[in-house]
Amino acid sequence: MISLTQFLIEEQRTHGAVNADLRLLIEVVARACKRISIAVGKGALGGVLGEAGTADSISVNVQGEAQKKLDVISNEILLEANAWGGHLAACASEEMQDPHPIPDAYPKGNYLLLFDPLDGSSNIDVNISVGTIFSVLRANDDRAEPNTQDFLQPGTSQVAAGYCVYGPSTMLVLTTGHGAHAFTLDRELGSFMLTARNLRIPQDTREFAINMSNRRFWEAPMRRYIDELLAGTEGPRGKDFNMRWVASMVADVHRILTRGGIFIYPIDSKTREQGGKLRLMYEANPMAFIVEQAGGAASTGRERILEVTPQKLHQRVPVFLGSKNEVEIATQYHHAADEAGFI
Ligand code: P6P
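Computed from a prediction, not measured in an experiment: that's the story for all the values here.

Looking at the domain arrangement of the chain
In many reports, interface size means the accessible area that the parts give up when they come together. Per the domain assignment, the segments of the chain are domain 1 (4-196) and domain 2 (207-340). On a C-alpha basis, the centroid separation for the pair domain 1 and domain 2 is 24 Å. Domain 1 puts 48 residues into the contact, and the matching count from domain 2 is 30 residues. Taking both partners together, domain 1 and domain 2 bury about 2,700 Å²; carbon and sulfur atoms supply 64% of that area. Its largest share of buried area at the contact with domain 2, domain 1 owes to Ile-133, Leu-152 and Tyr-163, together 20% of the area lost on that side. The salt bridge involving Glu-94 is made with Arg-279; its shortest N-O contact spans 2.7 Å. On inspection of domain 1 and its partner domain 2, the count reaches 12 residue pairs in polar contact (both at pLDDT 80 or more).

So this is what it looks like as structure tokens:
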């Protein structure tokens with residue numbers, strides 16, 4: 001069993017896709033995730049549960065969502081860990097309106113790091129798995145101080161992406177463009193150890209993940225697709241399906257990477273104005289990169305997620321990802337509905 005460090009050095013030797021700076025970046029993010037795992041694992045004992053801010057004014061993030069104390073702590077851990085290494089030009093986070101520059105006291109590098117520091121944090125207070133999601137882009141070499149525009153690159157430009165799921169075990173799943181690989185934290189060693197190389201998502205599945213309570217808000221092709229799954233063996237799909245919904249994207253996606261399935265957060269009449277619920281740059285894009293590297297597919301229901309041209313840093317998109325054949329069926333239903341002119 002090899003460590004994350006040894007794996008990255010092997011990647012550097014075999015593929016050359018991982019240079020010294022990118023290897024340092026990934027190791028620094030992994031180290032930050034270990035610190036977040038410790039904070040999350042303390043639960044009530046760490047005095048870090050509940051909302052951030054004061055009793056009469058809960059702090060709200062740029063998304064307009066109530067911030068948990070652990071959202072703020074996780075964000076700070078990632079910013080501090082990445083400040084001094086000289087590998088980054090700037091960071092961007094779900095928790096911050098604008099990109100965060102590397103302090104002038106430190107050298108700047110050639111990468112941009114985007115992250116959702118603690119995805120699913122509404123589950124923290126009820127002790128359900130949460131996670132950190134990150135995406136790595138190349139910085140614009142011509143600009144000393146990166147600006148928001150430098151971050152607005154399509155998902156196909158990512159050089160690395162990963163997530164850390166804080167569950168019964170803490171696991172890091174990573175891609176640098178040569179497969180998706182899983183590492184489990186050995187708490188005694190303090191190292192992430194390679195426990196699954198080249199994850200593969202089955203092309204077909206009998207398991208779907210969606211928040212069914214939104215059904216009345218869905219577009220027609222979304223209702224058609226899900227109703228056919230619910231019809232089971234008597235319906236057009238001719239087989240029964242099972243449903244899971246953790247309401248923590250990292251946990252749902254990790255299950256799909258491990259045993260297949262389709263994860264869906266569609267656009268609906270509630271989220272039409274914002275373009276969907278999940279964020280493109282630091283949720284959909286990194287997860288789409290990982291899922292495609294594991295042989296799955298990732299679509300907005302109408303186009304490949306990785307080919308969406310970003311317009312805003314906190315842009316939201318619909319997400320269909322997982323077992324390729326199911327993503328393709330759902331996407332085909334949306335195209336058919338669009339061509340027929342009804343939604
Ligand atoms: P809902 C968590 O807040 C999150 O961003 C994802 O992790 C998760 O998949 C989704 O929202 C859950 O949304 O509407 O079911 O609470």
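There's more to say after this.
Overview of the site of the ligand
The ligand sits among 13 residues. The nearest are Asp-119, Asn-211, Trp-245, Met-249 and Tyr-265. At a separation of 2.9 Å, an oxygen atom of the ligand approaches a polar side-chain atom of Asn-211. Note that an oxygen atom of the ligand is positioned 3.2 Å from one of the side-chain N or O atoms of Lys-277. In isolation the ligand exposes 400 Å². Once the protein is present, 83% of that is buried. Elements supplying a minimum of two residues to the shell around the ligand: strand S13 (262-265) and strand S14 (278-279). For the shell around the ligand, the class distribution of residues is 6 nonpolar, 3 polar and 4 charged.

Some remarks on the sheet that holds strand S12 (residues 242-243)
Spatially, the 5 strands line up as an open sheet ordered S12-S11-S13-S17-S15, and their pairing is mixed. Edge positions in the sheet fall to S12 and strand S15 (297-299), since each of these pairs with one other strand and no more. Its contacts with the sheet place helix H5 (residues 220-231) against strand S11 (207-209), S13 and strand S17 (319-322), and it is angled at close to 140° to S13. Lying over the sheet, helix H6 (residues 249-259) contacts S11, S13 and S17, oriented at roughly 35° with respect to S17.

The rules behind the values
Residues numbered from 1 in each chain as written. Predicted model: local features only at pLDDT ≥ 70, side-chain atom pairs only at ≥ 80, totals over all residues. Heavy atoms only, no water. Domains from an automatic or database assignment. Contact = heavy atoms within 4.5 Å. Buried area = accessible area lost by both parts, 1.4 Å probe. Salt bridge = Lys/Arg side-chain N within 4 Å of Asp/Glu carboxyl O. Polar contact = N/O pair within 3.5 Å; in protein donor to acceptor, adjacent residues only side chain to side chain. Near = heavy atom within 4 Å. Areas by Shrake-Rupley, 256 points an atom, 1.4 Å probe, with all protein chains shown as cover. Helix = DSSP H or I, 4+ residues; strand = E, 2+ residues; numbered from the N terminus. Nonpolar A, V, L, I, M, F, W, Y, C, P; charged D, E, K, R; others polar. Pairing = 2+ DSSP bridges. Axes fitted to C-alpha atoms, helices over the stretch in contact; angles between N-to-C directions.

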